[in-house]
Amino acid sequence: MKNLLEVKHLTVQVGQKVLLDDVSFGAPEGKITALVGSSGSGKTTVANSILGLLPAALEITKGEILFEQRNLLSLNKEQMRFLRGGHIAMIFQEPLWAFDPLMTIGQQMDEVLAAHTSQGKSDRRRRVLDVLAKVQLPNPTDMADRYPHQLSGGQRQRAMMAQALVAAPALILADEPTSNLDVTLQAKIMDLFRQFKKEEMSMLLISHDWGMVAHLADEVIILQNGQVVESGSVDLIMNHPRHKYTQSLMEVF
Ligand SMILES: Nc1ncnc2c1ncn2[C@@H]1O[C@H](COP(=O)(O)OP(=O)(O)OP(=O)(O)O)[C@@H](O)[C@H]1O
Ligand SMILES: [Mg+2]
């Protein structure tokens, strides 16, 4: 199994405080890898490190992040910007961060496509509407012409998903992607994620939801206080959790 993404010995500090401590794991090509841990364990910090979006106070003091064999930490801002959206896309925990408040959803998705593909205007419009429909937004044409604040929280979460998916990135980082959605919509979004595997997209899925992890993930990584305490196939982790912390996480659900 080839790893599309490899995080090696990643250490992140804020001053002397260590937030991620020697974190290593791989995300295999065409698979869903779940990153699980309680609140504050460092999941979002892992995702932000991969995307080069850490807040200024946080510093990577050690490690490598290899994507398609290139160390992302050695890329400059311009190169990272090119990778984001086109090759690696993020479904953020806080949807408002992902959008420019002054542009419609459709304009923002079109911008991503224009930057990362050679499609003409009408093809891009078709793709935008198609992806909005895929994420279960009703009336895609209407949604495309709205501004981010004109959507409900759950609609905004799906619009952000559409924005992340529109240029068919190789790797999707999804941070609690269904937390604002009702159960029916959650199930539909899970179906959509399952399809990614057929399209050979890889995903790093950050989730508290063991039901979702059990249904979707191939591999699981357990993070506690910034350290990987256990990792392995979903069957192994669900059926034979070795670490006390993993057992306690599962008991809560
Ligand atoms: N800008 C910052 N300055 C100082 N500490 C920070 C900063 N951002 C995050 N942290 C700390 O880093 C740790 C990990 O935070 P992170 O957001 O990665 O957790 P998480 O696992 O995503 O949690 P949640 O499930 O609540 O989203 C926390 O202890 C948090 O307080
Ligand atoms: Mg988080």
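Residues numbered from 1 in each chain as written. Chains lettered and ligands numbered in written order. Predicted model: local features only at pLDDT ≥ 70, side-chain atom pairs only at ≥ 80, totals over all residues.

Asker: How would you explain the site of ligand 1 if you had to name every residue and give the values?
Answerer: Residues in contact with ligand 1 amount to 14 residues; listed here are only the nearest, Ser39, Gly40, Lys43, Thr44 and Thr45. Sorting elements by how many residues they give to the shell around ligand 1 places helix α1 (residues 43-51) first, with three residues. Its residues assigned to classes, the shell around ligand 1 comprises five nonpolar, eight polar and one charged. (Near = placed C-beta within 6 Å. Helix = DSSP H or I, 4+ residues; strand = E, 2+ residues; numbered from the N terminus. Nonpolar A, V, L, I, M, F, W, Y, C, P; charged D, E, K, R; others polar.)

Asker: Go over the nonpolar core with me, naming the residues and quoting the values.
Answerer: Core analysis: the largest hydrophobic core is formed by 67 residues, its most contacted members being Ala34, Ala162, Val166, Ile172, Leu173 and Leu205. Examining the composition of this core, we find that six residues originate from one element, helix α6 (residues 153-165), more than from any other. Looking at which domains feed residues into this core, each of domain 1 (3-87 + 169-252) and domain 2 (103-167) supplies at least three. For Ala34, the residues in contact, after removing those within four places along its chain, are Leu205, Ser207, Val213, Ala217, Val220 and Ile221. (Core = buried A, V, L, I, M, F, W, Y, C linked by C-beta atoms within 7 Å. Buried ≥ 20, exposed ≤ 12 C-beta atoms within 10 Å, placed from the backbone. Domains from an automatic or database assignment. Contact = placed C-beta atoms within 7 Å.)

Asker: So what's going on with unusual backbone geometry? Residues and values would help.
Answerer: For residues other than glycine, phi is negative in most cases, and the peptide bonds are mostly trans. For Asp22, which is not glycine, the phi torsion reads 60° and is therefore positive. Structurally, the position occupied by Asp22 is in strand β2 (residues 17-28).

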